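Fold and geometry: a report
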Amino acid sequence: MTEYQRTLFLIYFKDCSEVDFHELNLLLGLNGNVFDQLIREMIDDEYIAYDNYKLRITDKGIRYLISKDQIYSQLENDDFILRNISPNDAFPMDKPYVPKNFLSKVE
Amino acid sequence: MSESNLEFVNKCLAQWKGEFSLDERLKSFSNRFDEWFEQIPEESRDIVKILIYNMSYYSNQSTNKWLEKLHKDLLAFQDVTDENTIYAFIKSKDGKSNSSNDYWTNYKAINRINSNLCFENLDLIRTEDWAYISNIIFIDDFSGTGKTFIDEIKKQPSRYFGKRVFFIVINIMQLAIDEINKFAKESGLEIVCLAFETQSKAFERNLFADESKAKANIEAMSKGLGIPTHHILGYKGTESLVAFYNNTPNNTLGFIRYDTENYRSIFPRRNDPKPSWQMVDASKKRKAANYNNKVLGNKK
């Protein structure tokens, strides 16, 4: 498991009050067996644990996110709004894009 | 919310949440109840309330608790050990991951099942290794008719001869148990169903003084709401009353889980949006059907 996957996994647990394995696996893009193995590893490494039959992030999991400076990362960020590109307004593919003041930078 | 609705909602929630806190689905039920109930015709409301109250709901926490209990029940059987037992999961026909996968993952995690004993594809077990296996455990959340489980066994029934097959489910219809027992007898197989809860069809549970009248009422109501005929009483007319924290089986009565253009159900099924490449077939079929209708129409 990569560090990115471990971090994303723990951010999901941190952010979601109700863990949905199907949703989590779609996020991680893993095959079923690999995903199950990941769950097992995270439990064995005590980053997540069952608490009154609910799987939650542990203090160790929180400390891991802090150590990676990811404690404030969120799965969804309202500040970043995805805009759809309209083909009618888009810059044409067959013309070169010239940044502003490009020539002055070259000179 | 009216007082009678509030009282009803609180009764349902108390029953469904048990010892655990309300989950998102139950909170949604509470928040949306008034708006949902407004859609139900006056003459059906009493019947609908009885059906909803008698529905079984399983939260994530209660599911995990029962999966742990069912595993303990399994281990209480003689001669079920790590040396002679494997655990299997019945994948969906199209091979896509679905909400049933959650129960497989949870069962293995909460019961610390040795990963070497877990198989999503039994064909991967070498022929010579089958000699060491005495017990095959299948895990699922719900069984309405037993068809999925029986179809799985039918793929290669010979591998199960002389062995014990356990089918562990949270909730199972009596119809499914009957079908599985019948199949086991006909095939000469030993199959044990372990379920937390067994239920009969909704209109065979003595919930109503006149069950056929109540059933006819719900059928007419569902038709009026635009629910397709084959969904009204659930898949194959199973008449189930069950919902889980992550989905509602299609065996459950249609009005509880089927959304139409003009009707929003109270425990809808999860429908992930399909990518366009999965919709190609449906579109092609529609075009073919339209073309054929046109051609056949002209030939008449």
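The notes below deal with the structure included here. Here the structure is a predicted model, which is why all the values come from computation and not from measurement.

This part is about the overall build of chain A. When helices and strands are counted, chain A shows 5 helices and 2 strands. Shown N-terminal to C-terminal, the secondary structure of chain A runs as helices and strands in the order α-α-α-β-β-α-α. Burial status across chain A gives 31% buried among its 107 residues. Contacts spanning at least 24 positions in sequence make up 51% of the contacts within chain A whose residues lie at least 6 apart. With the model as given, the accessible surface of chain A reaches about 8000 Å², and the carbon-plus-sulfur share is 50%.

Turning to the pattern of salt bridges, a few remarks are in order. Counted according to the given criterion, the structure contains 20 salt bridges over all chains. Two residues, Arg40 of chain A and Asp44 of chain A, come together in a salt bridge whose shortest N-O distance is 3.9 Å. Of the two residues, Arg40 of chain A and Asp44 of chain A both sit in helix 3 (residues 32-44), 4 residues apart, roughly one turn of that helix. Among the residues examined, Arg40 of chain A registers a relative accessible area of 21% and is labelled partly exposed. Owing to a relative accessible area of 40%, Asp44 of chain A belongs among the partly exposed residues under this scheme. The salt bridge involving Asp44 of chain A is made with Arg112 of chain B; its shortest N-O contact spans 2.7 Å. Of this pair, Asp44 of chain A sits in helix 3 while Arg112 of chain B sits in the loop between helix 5 (100-110) and strand 3 (118-119), on two different chains. A relative accessible area of 43% means that Arg112 of chain B is categorised as partly exposed. Linked through salt bridges whose partners overlap, the residues forming this network are Arg40 and Asp44 of chain A together with Arg112 of chain B.

What follows covers the nonpolar core. Among the nonpolar cores identified, the biggest contains 61 residues, and Phe29, Trp36, Leu51, Ile52, Tyr87, Phe255 and Phe267 of chain B are the most heavily contacted of them. Judged by nonpolar contacts, the second largest core, of 25 residues, contains Ala88, Ile133, Ile180 and Ala184 of chain B.

Thresholds applied
Residues numbered from 1 in each chain as written. Chains lettered and ligands numbered in written order. Predicted model: local features only at pLDDT ≥ 70, side-chain atom pairs only at ≥ 80, totals over all residues. Heavy atoms only, no water. Helix = DSSP H or I, 4+ residues; strand = E, 2+ residues; numbered from the N terminus. Buried < 20%, exposed > 50% of the residue type's maximum accessible area, 1.4 Å probe, protein only. Contact = heavy atoms within 4.5 Å. Areas by Shrake-Rupley, 256 points an atom, 1.4 Å probe, with all protein chains shown as cover. Salt bridge = Lys/Arg side-chain N within 4 Å of Asp/Glu carboxyl O. Core = buried A, V, L, I, M, F, W, Y, C linked by side-chain atoms within 4.5 Å.

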